[in-house]
Amino acid sequence: MSPHKSEDDFPGDVASEKPQQKSIPSPGAPGISYYTPVQNYPSGTAADPQPDGRPLPKLFTPLKIRGLTMQNRIMLSPLCQYSAENGHHTLWHFAHLGGIISRGPGLAMVESTAVLPEGRVTPQCSGIWLDSHIEPLKRITDFAHSQGQKMGIQLGHGGRKVSIVAP
Ligand SMILES: Cc1cc2nc3c(=O)[nH]c(=O)nc-3n(C[C@H](O)[C@H](O)[C@H](O)COP(=O)(O)O)c2cc1C
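Residues numbered from 1 in each chain as written. Predicted model: local features only at pLDDT ≥ 70, side-chain atom pairs only at ≥ 80, totals over all residues.

K.L.:
Would you explain helix α2 (residues 91–101) in this entry?
P.N.:
It helps to recall that an α-helix has 3.6 residues per turn; residues three or four apart then point in one direction. Within α2 the residues assigned to the buried category are His93, Leu97 and Ile101. On an axial view of α2, the arc spanned by its buried residues comes to 55°, and they lie on one face. Of the exposed residues in α2, the ones pointing more than 90 degrees away from its buried face are Leu91, Ala95 and Gly99. Against the buried residues of α2 lie β4 (107–114) and α3 (134–146). (Buried ≥ 20, exposed ≤ 12 C-beta atoms within 10 Å, placed from the backbone. Helix = DSSP H or I, 4+ residues; strand = E, 2+ residues; numbered from the N terminus. Arc of directions from axis to C-beta. Contact = placed C-beta atoms within 7 Å.)

Okay, here's the thing in structure tokens:
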């Protein structure tokens, strides 16, 4: 049995309700906790060789740093969203990061994330001091992995410069 969910796991699927229509399988990305189709080819990768015979642009060649290999040399900088609920990432974060990840950077860096509640730059900043912060971070990390990408996180503590008002 496949270790990951497929679209056939969803009984409400319209195609499976009509026996005369054969469902064309679209397998889920392996090792991901929810169904998201395997991308063939993943965004952020380039045809090698290029159709005009030129070599692959260096931007789209893999980058290896110690044990980590990224599919290309494009990285998303950390971008504070001021949209967390008591440190928890919200659907805003999934939309923000997910939209960029679906375009194919080799590495996406989660915004500055406070290691303690009093270290947040604003009350709506991302946090990682509760176990319940893990689940929404895992959800977006799984999505990046499903696209062959890597995720990083910027850990932070604002010290004396923290505020009580989001910009
Ligand atoms: C809305 C916004 C939020 C940002 N949040 C962070 C952050 O959390 N951590 C950080 O190191 N830089 C942050 N930055 C800086 C950016 O990551 C980036 O370094 C800066 O926009 C310069 O980008 P560039 O080097 O591509 O010109 C933020 C910038 C913006 C505009």
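K.L.:
What is the right way to look at the site of the ligand in this model?
P.N.:
The environment of the ligand is made up of Ser77, Pro78, Leu79, Cys80, Glu111, Ser112 and Gln154. Its residues assigned to classes, the shell around the ligand shows three nonpolar, three polar and one charged. (Near = placed C-beta within 6 Å. Nonpolar A, V, L, I, M, F, W, Y, C, P; charged D, E, K, R; others polar.)

K.L.:
What should I look at first to understand the environment of alanine 47 in this one?
P.N.:
With respect to the element layout, alanine 47 can be found in the loop between α1 (14–17) and β1 (63–65). By the C-beta count within 10 Å, which is 9 here, alanine 47 ends up exposed. Between the alpha carbons of alanine 47 and phenylalanine 60 there is a distance of 9.4 Å; along the sequence they are 13 residues apart.

K.L.:
How should I be thinking about the packing of α2 against α3 in this particular structure?
P.N.:
Each pair of packed helices gets described by two things: the angle between the helix axes and the distance between those axes. One way to put it is that α2 packs onto α3 with a least axis distance of 10 Å and a crossing angle of 15°. Relative to α3, α2 is oriented roughly parallel. Classified by chirality, the crossing of α3 by α2 is right-handed. Along the contact surface, α2 presents His93, Phe94, Leu97, Gly98 and Ile101, while α3 presents Pro136, Arg139, Ile140, Phe143 and Ala144. (Axes fitted to C-alpha atoms, helices over the stretch in contact; angles between N-to-C directions. Parallel < 35°, antiparallel > 145°, perpendicular 65-115°, else oblique. Left-handed = near helix turned anticlockwise from the far one by under 90°.)

K.L.:
Looking at this model, I keep getting lost on the sheet that holds strand β5 (residues 150–156). Mind explaining?
P.N.:
In a beta sheet, neighbouring strands are held together by backbone hydrogen bonds and run either parallel or antiparallel to one another. Spatially, three strands are ordered β3-β4-β5 in an open sheet, and the strand pairing comes out parallel. Edge positions in the sheet fall to β3 (75–76) and β5, since each has one partner strand and no second. In the sheet, β3 pairs with β4 via two bridges, with the strands oriented parallel. Considered in β4, the bridge of methionine 75 is made with leucine 107. (Pairing = 2+ DSSP bridges.)

K.L.:
Mind showing me how you'd approach unusual backbone geometry here?
P.N.:
Most peptide bonds adopt trans geometry, and most residues besides glycine take a negative phi value. In this structure, the amide linkage connecting asparagine 40 to the following residue, tyrosine 41, adopts the cis form with an omega of 5°. At the junction of aspartate 48 and proline 49, the peptide bond is cis and its omega measures out at 5° in the coordinates. Mapping proline 49 onto the fold places it in the loop between α1 and β1.

K.L.:
When you look at the nonpolar core in this model, what are you seeing that I'm missing?
P.N.:
For soluble globular proteins, nonpolar side chains are generally found buried alongside one another. Core analysis: the largest hydrophobic core is formed by six residues, namely Leu76, Leu97, Ile101, Ala108, Phe143 and Ala144. Listed by contribution, the elements that provide at least two residues to this core are α2 and α3. Look past the residues within four positions of phenylalanine 143 in its chain and what remains in contact with it is Thr36, Gly98 and Ile101. (Core = buried A, V, L, I, M, F, W, Y, C linked by C-beta atoms within 7 Å.)

K.L.:
Any chance you could explain α3 here in plain terms?
P.N.:
The terminal C-alpha atoms of α3, which comprises 13 residues, lie 18 Å apart, in line with the 18 Å expected from a rise of 1.5 Å per residue. All buried positions along α3 are accounted for by Thr141, Phe143, Ala144 and Ser146. Considering only its buried residues, α3 is in contact with α2, β4 and β5. Positive phi shows up at glycine 148, right after α3, with a value of about 75°. (Expected span 1.5 Å × (residues − 1).)

K.L.:
Even after reading the chapter, I still don't get the pairing of β5, so can you show me in this structure?
P.N.:
Successive residues of a regular strand alternate their side chains across the two faces of the sheet. Summarising the sheet, β4 and β5 pair through six bridges and their orientation is parallel. Note that in β5 the partner of leucine 107 across the bridge is lysine 150. Viewed along the sheet, the connection from β4 through α3 into β5 turns out right-handed. (Right-handed = clockwise from strand over helix to strand, strands pointing away.)

Any functional reading would require information beyond the geometric quantities listed.
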